[in-house]
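# A look at the structure
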Amino acid sequence: MKPTVCVVGSLNMDFVVKVDHLPAPGETVLGRDFQMFPGGKGANQACAAGKLGSPSVDVRMVGRVGYDAFADHLKASLSAAGVDVSYVHATRSQPTGIALIWVESAGQNSIVVAAGANNELAAPEVEAMRTAMRGARYVLFQLETPLDTVEAALKLAREEGAKTILDPAPAQPLSLDLLQLVDILTPNETEACILLGHAVGRVELNDVPVLANQLRSMGPQSVVLKLGEKGCYYDDGVKQIHSPGFPVKACDTTAAGDTFNGALAIALAEGQDIETALRFANCAAAISITRIGAQASIPSRIEVDRFPG
Ligand code: RIB
């Protein structure tokens, strides 16, 4: 039987403007090149899983959109990547989620999300996700849908025998009850600091093993700390691996973390060992930052398999 990966999360239409520098509070900056791209952390992860895994892995997306043209565009983008969107339902009470994104010349960004229909993915409806999760090896989560829904859906995924991967983004503190439902927690440095209640700042490579261990002691079975150009660090309590990053010229870092998670889930669902899976995810994320846009930047399987040349 084909392995299945299911993603529960957000779909947003991204409105992207390139700027020379990110605006400070009260500042107006003149931007360049306005573009719209399909995005949303959940949909980006599903798109990455679809582009990298389909047709040998079944990928399903669970989420909410509004009754508008953005919804059609977002579903079409996922379908084109081979993702089953039959669990993406429309709600009349809210428009499709959107994100306003500024990208500066070195590729760093600022993002504001108006969640809209994503907020309608309600905890009492979680039982209806059971069929989407049935037979899934991995179910992926992020935090752009209501937290009680995420927690209830994590429980359901475990009941269905799936492994759970949580990307704790956008960054926020989480309860130990929720974190105990996670098999693989994948924070970046900022998210790790916020989860641990530390001051947010750049994390030195020497400090990473301690951070990963502290995060694991909060409940998840394993932690993959995403370190940007430094790659990632894995800790499951027995094995610790630093998988180095790939040097590339950054154009836009939007969705690099989402691409990493989708790729990681595919590699693991295919049965790759953790070291190979981390390298595969680092490659996919590195390629994605060389291009503008969220789903538009996610590489194909052939590109990742051939990278870095
Ligand atoms: O992680 C990147 C994503 O964050 C964007 O696509 C945007 O929609 C926001 O959800």
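Only a predicted model underlies this, so the values are computations on that prediction, with no experimental measurement involved. Every chain begins its residue count from 1, and numbering advances along the sequence as written. Totals for whole chains, interfaces and linings use every residue, but because this is a predicted model, local features are given only for residues with pLDDT of at least 70 and side-chain atom pairs only at 80 or more, for both listing and counting. Each side-chain value is worked out from all heavy atoms of the structure, with water and hydrogens disregarded.

### Overview of the overall build of the protein chain
Which entries qualify depends on this criterion: A helix here means a DSSP run of H or I that spans at least four residues, while a strand means a run of E at least two residues long, and both kinds are numbered starting from the N terminus. For the radius of gyration, the atom set is restricted to C-alpha positions; the globular benchmark scales as 2.2 Å times the number of residues to the power 0.38. The contact definition used throughout considers only heavy atoms, calling two residues in contact when any of these lie within 4.5 Å. Per-residue and other accessible areas follow the Shrake-Rupley method at a 1.4 Å probe size, with only the shown protein chains counted as cover for residues. Here the positive residues are Lys and Arg and the negative ones are Asp and Glu; neither His nor the chain ends is included. To locate a charge, take atom NZ for lysine, CZ for arginine, CG for aspartate or CD for glutamate.
A tally of helices and strands in the protein chain yields 10 helices and 13 strands. The C-alpha atoms of the protein chain give a radius of gyration of 18 Å, which matches the 19 Å a tight globule of 309 residues would have. Across its three principal axes, the protein chain shows a C-alpha extent of roughly 50 × 45 × 40 Å. Once local pairs closer than 6 in sequence are excluded, the contacts in the protein chain between residues at least 24 apart make up 67%. Surface exposure of the protein chain reaches about 12,700 Å², of which carbon and sulfur atoms provide 54%. Mean positive and mean negative side-chain charge positions of the protein chain (25 and 34 charges, respectively) differ by 5 Å.

### Topic: the site of the ligand
Where we set the bar: Whether a residue is near a molecule or strand is decided by its heavy atoms; if any one of them lies within 4 Å of it, the residue is near. Under this definition, polar contacts are N or O atom pairs within 3.5 Å; protein pairs additionally need one hydrogen-donor-capable and one acceptor-capable atom, and for neighbouring residues in sequence, both atoms have to be side-chain atoms. The nonpolar class holds Ala, Val, Leu, Ile, Met, Phe, Trp, Tyr, Cys and Pro. Asp, Glu, Lys and Arg form the charged class, and all remaining residues, Gly among them, are polar.
Around the ligand, the surrounding shell holds 14 residues, and the nearest of these are Asp14, Gly40, Lys41, Glu144 and Asp258. Between the ligand and Asn44, the relevant distance is 3.0 Å, taken from an oxygen atom to a side-chain nitrogen or oxygen of the residue. Counting only elements with at least two residues in the shell around the ligand, the list comes to β2 (12-18), α1 (41-53) and β7 (109-114). Classifying every residue of the shell around the ligand by side-chain character gives five nonpolar, five polar and four charged.

### Quick notes on the packing of aromatic side chains
Here is the rule: Centre distance within 6.5 Å is the pairing criterion for rings of Phe, Tyr and Trp, where only the six-membered ring of Trp is used; planes under 30 degrees apart are then read as stacked, over 60 as edge-to-face, and the remainder as tilted. Throughout this description, buried means an accessible area under 20% of the type-specific maximum (1.4 Å probe, protein chains only), exposed means over 50%, and partly exposed covers the range between. The criterion is that NZ of a Lys, or CZ of an Arg, lies within 6 Å of the ring centre and within 35 degrees of the ring normal, and then a charge sits over that ring.
Taken as a whole, this structure holds three aromatic pairs when the rule is applied. Their ring planes at 15 degrees and their centres at 6.0 Å tell us that Phe15 and Phe34 sit as a pair that is stacked. Taken as a pair, Phe15 in strand β2 and Phe34 in strand β3 (residues 32-39) lie far apart in primary sequence, 19 residues in all. By relative accessible area, which is 18% here, Phe15 ends up buried. Relative to Phe70, the ring of Phe15 lies with its centre 5.7 Å away and its plane at 80 degrees, an arrangement referred to as edge-to-face. In this pair, Phe15 is assigned in strand β2 and Phe70 in helix α2 (residues 69-80), connecting sequence segments 55 residues apart. Grouped by ring-pair contacts, the aromatic residues Phe15, Phe34 and Phe70 constitute a single cluster. Above the face of the Tyr67 ring, Arg92 is positioned so that its terminal group lies 3.9 Å from the ring centre.

### Looking at the side chain of Arg130
Mapped onto the secondary structure, Arg130 falls in helix α3 (residues 130-133). The class of Arg130 is buried, set by a relative accessible area of 19%. Engagement of the side chain of Arg130 in a polar contact is seen with the side chain of Glu160, the distance being 2.8 Å.

### Observations concerning helix α7 (residues 208-216)
The condition that has to hold: The reported arc concerns the directions from the helix axis to the C-beta atoms and nothing else.
When we look at burial in α7, the residues that qualify are Val208, Leu211, Ala212 and Leu215. End-on view of α7: buried residues confined to an arc of 95 degrees, all on one side of the axis. Lining the buried residues of α7 we find β10 (184-185), α6 (189-196), β11 (222-226) and β12 (232-235).

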